[in-house]
Amino acid sequence: MLTVHAARERLRRREVSAVELTRAFLERIHALNPCLNAYLTVADEAALAMARDADARMARGEDTPLLGVPIAIKDVLSTRDMRTTAGSKILADYTPSWDATAVARLRALGAVFLGKLNCDEFAMGSSTENSAFGPTRNPWDETRVPGGSSGGSAAAVAADLCCAALGTDTGGSIRQPASLCGVTGLKNSYGRVSRYGLIAFASSLDTVGALTKDARDAAIMLRAMEGRDPLDSTSVEVVPIDVAALDESRDSLRGLRVGVPVEYFGSGMQPDVAQRVREAIDHLQSLGAAVREVSLPRTHLGLPVYYIIAPAEASANLARFDGVKYGLRVQGRDLIATYMETRGAGFGAEVKRRIMLGTYALSAGYYDAYYIRAQKVRTLIKRDFEQAFNQVDIIAAPVSPTTAFPLGSKTEDPIQMYLADVFTLPVSLAGICGISIPCGFDRDGLPVGLQLIGPAFGEQRVLEVAHIFQQTTDFHLQKPRLKGEP
Amino acid sequence: MEYEVVIGMETHVELDTHSKMFCACSARFFGAEPNVNVCPVCLGMPGALPVINRRAVEFAMMVGLALNCQIARHTFWERKSYWYPDLPKGYQISQYQRPLAYDGWLDVDVRDLSTGNWSEESVRRRIRIRRAHLEEDTGKLTHVGDKSYVDYNRSGVPLLEIVTEPDIRSADEAYAYLSALQQLVRYLGVSTGDMEKGAMRCEPNMSLRPKGSAGFGVKVEIKNLNSLRAVRDAIAYEIRRQTALLERGEAVQQVTMGWDESRGVTVVQREKESAHDYRYFPEPDLPPLEIDDAWLEDVRRRVPELALARQDRYRRDFGLSAYDAVQLTSDRAIADWFEQVIAAAPAGDLRARAKAAANWIQTEVFRLMKANAIPNAEIASIKPQPQQLAELIGLVEQQVINLNTARQVFEEMFATGAAPRAIVEAKGLAQVSDVDALRQVVAEVIAAHPSQVQQYRSGQEKVFGFLVGQVMKATKGKGNAQVINRLLREALKP
Ligand SMILES: [Zn+2]
């Protein structure tokens, strides 16, 4: 398991070159990806060129936290000269001419891009089974899903097919797959990282973040991407993450007030998931944290609210895929037929379902009853968290009610699939931050995640707590046994 | 039965900013090669995000203020969803629930110009403005054979939609409203207002009702109007068409008509269609727009005095005719130039000086500008400065030169930019007012024309003009006409 900071250390000490490191990862990808299907595009040539460039920069004495470090990118983030499909047939052959801001910032720091990672189509899903290019498999059990929508990112990090991966989280798409694949996944506060170049799903909820092997890498990746971007009017200037402060943080949590939301431990939870999360909270307490119950009474409204707002925004965001300017075009007998046949052939079932849901919610006569009401409840959900954070510094909760489920087990029942995100949706609706870190395994040996939730722009504290947790546990160091591992 | 027309006007004004509404591309699309002023944002590429053009917002605020509107202090953007190939995102970023400006009015002077002659008489009408909101323009489709081509140069150009209340009551009023609006945006410098180039597009909707009734008839929209004239002609035509229908006892259909300029008729463009559901919702990619006091005041200071207010002032303070006032305010540059001439003039009879300045501008200045193909808006670029025209007017007033000489001097000023006094001195154009010198010339003329003198003395008054002309000729036109008159009459006394 090569973390970003370990890779950087080895590169800095000249134990390995960026080209050697990149070659090793590419070899491993070619060996393991045919089974896992984590990568949709492996950019051998481009990656090696970037690695050579990084080696040259190092030879000139340059040093950045990411120089020469091989990473990979979820396929909803625009990459110049690299196909960007969003997991959709409608963009199967689409290559942007420009980088997303997050990607551009990593490129400027000298990171090496190994390729593009699988995901649910337009990031809509919780299992990566909605990808038009086949599902990704969970490295811990290849008959199971990796979670989603950043399933390719979580699987690639878990299987050590990159040092770290970019993902996006709209309703849990970083945290849930991180939990199901036993890696660290930080969902940033809305606006902390620019969305420019992220193929939009739900604009008021979309966030860009990283899936990593530990909390320190999560801090390094965030530090590299965060901050105001003039191209994204919803991005904000923030106090930058202090990565060094993580190393200085004591191994004690004395003085930290941890809240445990009663609503997150109801029925429908897999018992050993609840058990592992409770043990993790006990561990926080043993490190000196003061643990108390808090209430987030609108938790149960997160799902219905999310499934109005997100599809509503998506229905407009996806209107641009009309076959006129780029992507797939299926020529019909007239303009309307061309629209219908292009979109009919280009979009998968879940995307169509959400476009219909969203179109309905915005229609005349329904708008007030659905969209406006959902926005009001969204405000109440936000207020729940604000009130909780008046009492505690951080909230500890499960990420997902279950561990990784078998491929195909929920594809026929969208509601069951939506429930996989029931503990991550409220955080997204509130625009605050949350991290998923490994906290044990279920009785089948599948990873369980602990969600640490902080207030808006409270990433520093969340990362420090996660770091201390990882300094005193070894769940994040466990590796899946992979078939065909070289 | 007598019918009354009720007209509401929806006008789109393209704002003349350097860059587009939500990206840095040039907004100057006219005449450009297709698809050169484009970027990921205005092409609606996946992942591209809009960024508000502050200048476009300010332009819209200026128009709102000039239209006496309330300015929304907290407003936001909305997505208006519909499908068309010239709309790259599948939605237009617009404002629906809370327009940037609302509840205003525009006063216009309506003149009966049906005789083709100028009318000093006019009726002042107040057209209420319901709302004015900002949005982005679409691209443009061109159809060639069975293929369609789309050009996105215009996509994202800032557009201001201005909607009136149904206050317009005739084709002449519609014409007056639109030309006043066109003049307003030009005064503000926020749009070319050029209808032929599509920088200002208007869609009147109109209905007829029995005169005196308060209800509304069936509404008909008119499209494809590319000039002020077309608007007036199309409305006049529609009034005649609908009146004829109603008089025959037939019903007016709710349709969209298109104006056929060449045939001078309206034709049905679209039958009544089911109401569009645009599924408006707040644009999540843009923060709400907050307009604080400081910003509003800053913009308010940039709104100049408009044409109608200036016309009223010129007539009241300078005693100008309506015609002169309208001519001088037709263009803000002309009006500004005119006022600079007046400001530069020395103390004296303000009205006389204003009248002189008005005459000079409308005759010599316009004549020479036209001859040199200088548009009115560029009057500031002509060589004579307004202060110099004031000086020239002063020279005439002080009888240093006469009006004919002054015209020659102005031509010289226009050609070289030299100061009037310098020209007068260099060319020795000052009037000869020296009584002794002129008395000498008069004596010579009388001596040289004994028979004419005889005729005058015998009562033929008209010969006097001939003798004055002879004296003028002898002084090469520089003689002071008043002095010559006096001396000649004295000398001719029997
Ligand atoms: Zn652009």
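Reading the values: the criteria
- Residues numbered from 1 in each chain as written.
- Chains lettered and ligands numbered in written order.
- Predicted model: local features only at pLDDT ≥ 70, side-chain atom pairs only at ≥ 80, totals over all residues.
- Helix = DSSP H or I, 4+ residues; strand = E, 2+ residues; numbered from the N terminus.
- Rg over C-alpha atoms; globule rule 2.2 N^0.38 Å.
- Buried ≥ 20, exposed ≤ 12 C-beta atoms within 10 Å, placed from the backbone.
- Contact = placed C-beta atoms within 7 Å.
- Domains from an automatic or database assignment.
- Nonpolar A, V, L, I, M, F, W, Y, C, P; charged D, E, K, R; others polar.
- Pairing = 2+ DSSP bridges.
- Axes fitted to C-alpha atoms, helices over the stretch in contact; angles between N-to-C directions.
- Parallel < 35°, antiparallel > 145°, perpendicular 65-115°, else oblique.
- Right-handed = clockwise from strand over helix to strand, strands pointing away.
- Core = buried A, V, L, I, M, F, W, Y, C linked by C-beta atoms within 7 Å.

### Details of the overall build of chain A
Scanning chain A from N- to C-terminus turns up 16 helices and 11 strands. Expected size for 486 residues packed as a compact globule is a radius of gyration near 23 Å; at 21 Å, chain A falls within 12% of this value. The principal-axis extents of the C-alpha atoms in chain A amount to approximately 65 × 55 × 45 Å. Split into buried and exposed, the 486 residues of chain A put 60% on the buried side. Within chain A, contacts between residues separated by at least 24 positions form 76% of all contacts whose residues are at least 6 apart in sequence.

### Digging into the overall build of chain B
The number of helices and strands found in chain B is 15 helices and 16 strands. For 494 residues, the compact-globule estimate of 2.2 N^0.38 gives 23 Å, and the C-alpha radius of gyration of chain B, at 30 Å, exceeds that figure by more than 25%. Taken along the three principal axes of its C-alpha coordinates, chain B extends 100 × 55 × 50 Å. When the 494 residues of chain B are sorted by exposure, 40% land in the buried category. Summarising the internal contacts of chain B: among those between residues at least 6 apart in sequence, 70% fall at separations of at least 24.

### Digging into unusual backbone geometry
Residue and element names in this part refer to chain A. Of the consecutive residues Gly148 and Ser149, the connecting peptide bond is found in the cis state with omega at 5°. Relative to the helices and strands, Ser149 is located in the loop between strand 3 (112–117) and helix 5 (151–158). Backbone geometry at Arg14 places phi at a positive 60°, although glycine is not the residue there. Inspection of the secondary structure assignment puts Arg14 in the loop between helix 1 (4–12) and helix 2 (18–36). Even without being glycine, Ala123 reaches a positive phi, approximately 65°. Checked against the element boundaries, Ala123 lands in the loop between strand 3 and helix 5.

### Observations concerning the domain arrangement of chain B
By a widely used convention, the size of an interface equals the accessible area lost when the partners come together. Here chain B is described as being made up of domain 1 (3–275), domain 2 (307–416) and domain 3 (435–492). Between the C-alpha centres of domain 2 of chain B and domain 3 of chain B there is a distance of 35 Å.

### Digging into the interface of chain B and chain A
Counting residues at the interface gives 24 residues for chain B and 31 residues for chain A. Its residues assigned to classes, the side of chain B that touches chain A shows 15 nonpolar, 4 polar and 5 charged.

### A look at the sheet that holds strand 5 (residues 91–94) of chain B
One key point about sheets: their strands pair by backbone hydrogen bonds, in either a parallel or an antiparallel sense. Residues and elements named next belong to chain B. Across the sheet, 3 strands lie side by side as 5-4-15; this open sheet has antiparallel pairing. Each having just a single partner strand, strand 5 and strand 15 (281–282) make up the two edges of the open sheet. Across 4 bridges, strand 4 (residues 78–81) lies against strand 5 in antiparallel orientation. Residue pairing across strands places Ser81 opposite Tyr91, the latter belonging to strand 5.

### Thoughts on the packing of helix 7 (residues 215–225) of chain A against helix 16 (residues 459–471) of chain A
Residue and element names in this part refer to chain A. The contact between helix 7 and helix 16 brings their axes to 8 Å, and the two run at 155°. Classified by the angle their axes make, helix 7 and helix 16 are roughly antiparallel. Residues Ala215, Arg216, Ala218, Ala219 and Leu222 of helix 7 touch helix 16, and the partners they reach there are Glu459, Leu463, Ala466, His467 and Gln470. In terms of residue class, the contact of helix 7 with helix 16 is built from 6 nonpolar, 2 polar and 2 charged.

### Considerations on the environment of Thr338(A)
Residues and elements named next belong to chain A. Among the structural elements, Thr338 can be located in helix 11 (residues 335–346). C-beta crowding within 10 Å serves as the criterion here: with 18 such atoms nearby, Thr338 is assigned to the partly exposed category. As for Thr338 and Asp322, which are separated by 16 residues in sequence, their C-alpha atoms are 8.0 Å apart. With residues near it in sequence (within four places) discarded, Thr338 still touches Gly323, Arg329, Val330, Gln331 and Gly332.

### What about the pairing of strand 7 (residues 257–261) of chain A?
All names here are of chain A. Direction of pairing for strand 7 relative to strand 8 (residues 290–294): parallel, over a ladder of 5 bridges. Within strand 8, the residue paired with Pro261 across the bridge is Val294. Between strand 7 and its parallel partner strand 8, the chain crosses via helix 9 (residues 271–286), and the hand of that crossover is right-handed. Summarising the sheet, strand 7 and strand 9 (residues 394–398) pair through 2 bridges and their orientation is parallel. Paired with Val258 across the strands is Ile394, a residue of strand 9.

### A short note on the sheet that holds strand 8 of chain A
Residues and elements named next belong to chain A. Strands sit in the order 1-3-2-4-6-5-10-11-9-7-8 across an open sheet of 11 strands; the sheet is mixed. Sheet topology places strand 1 (39–42) and strand 8 at the edges, where each strand pairs with a single neighbour. If you compare each strand with its neighbour and ignore which way they point, the axes differ by 30° on average. Direction of pairing for strand 5 (residues 184–187) relative to strand 10 (residues 433–441): antiparallel, over a ladder of 3 bridges. Bridging across to strand 10, Lys187 finds its partner in Gly434. Of the strands in this sheet, strand 5, strand 9, strand 10 and strand 11 (447–454) are in contact with helix 16, which crosses strand 10 at around 10°.

### Things to note about the nonpolar core
Membership of the largest hydrophobic core comes to 230 residues, with the highest contact counts inside it found for Ile71(A), Leu114(A), Ala156(A), Cys162(A), Ala165(A), Ala60(B) and Val63(B). With 11 residues, the single largest contributor to this core is helix 2 (residues 171–188) of chain B. In this structure Ala165(A) touches Ile71(A), Ala72(A), Lys74(A), Leu117(A), Ser153(A), Ala156(A), Val157(A), Ala210(A) and Leu211(A), once residues within four positions along its chain are discounted. Judged by nonpolar contacts, the second largest core, of 34 residues, contains Tyr314(B), Ala357(B), Ile361(B) and Ile393(B).

### What about the pairing of strand 13 (residues 256–260) of chain B?
Residues and elements named next belong to chain B. Covered by surrounding structure in strand 13 are Met257 and Trp259 only, the residues Thr256, Gly258 and Asp260 on the alternate face being uncovered. Looking at chain direction, strand 12 (residues 220–223) and strand 13 are connected through 3 bridges and run parallel. When the sheet's bridge partners are listed, Lys223 is paired in strand 13 with Gly258. Between the parallel elements strand 12 and strand 13, the chain passes through helix 3 (residues 228–247) in a crossover that is left-handed.

### Looking at the domain arrangement of chain A
Residues and elements named next belong to chain A. Domains assigned within chain A are domain 1 (4–251) and domain 2 (301–372). Just the C-alpha atoms count here: the centres of domain 1 and domain 2 sit 28 Å apart. In this complex, domain 1 contributes 20 residues to the contact, which on the side of domain 2 involves 17 residues. Per-class residue counts for the side of domain 1 that touches domain 2 are 11 nonpolar, 7 polar and 2 charged.

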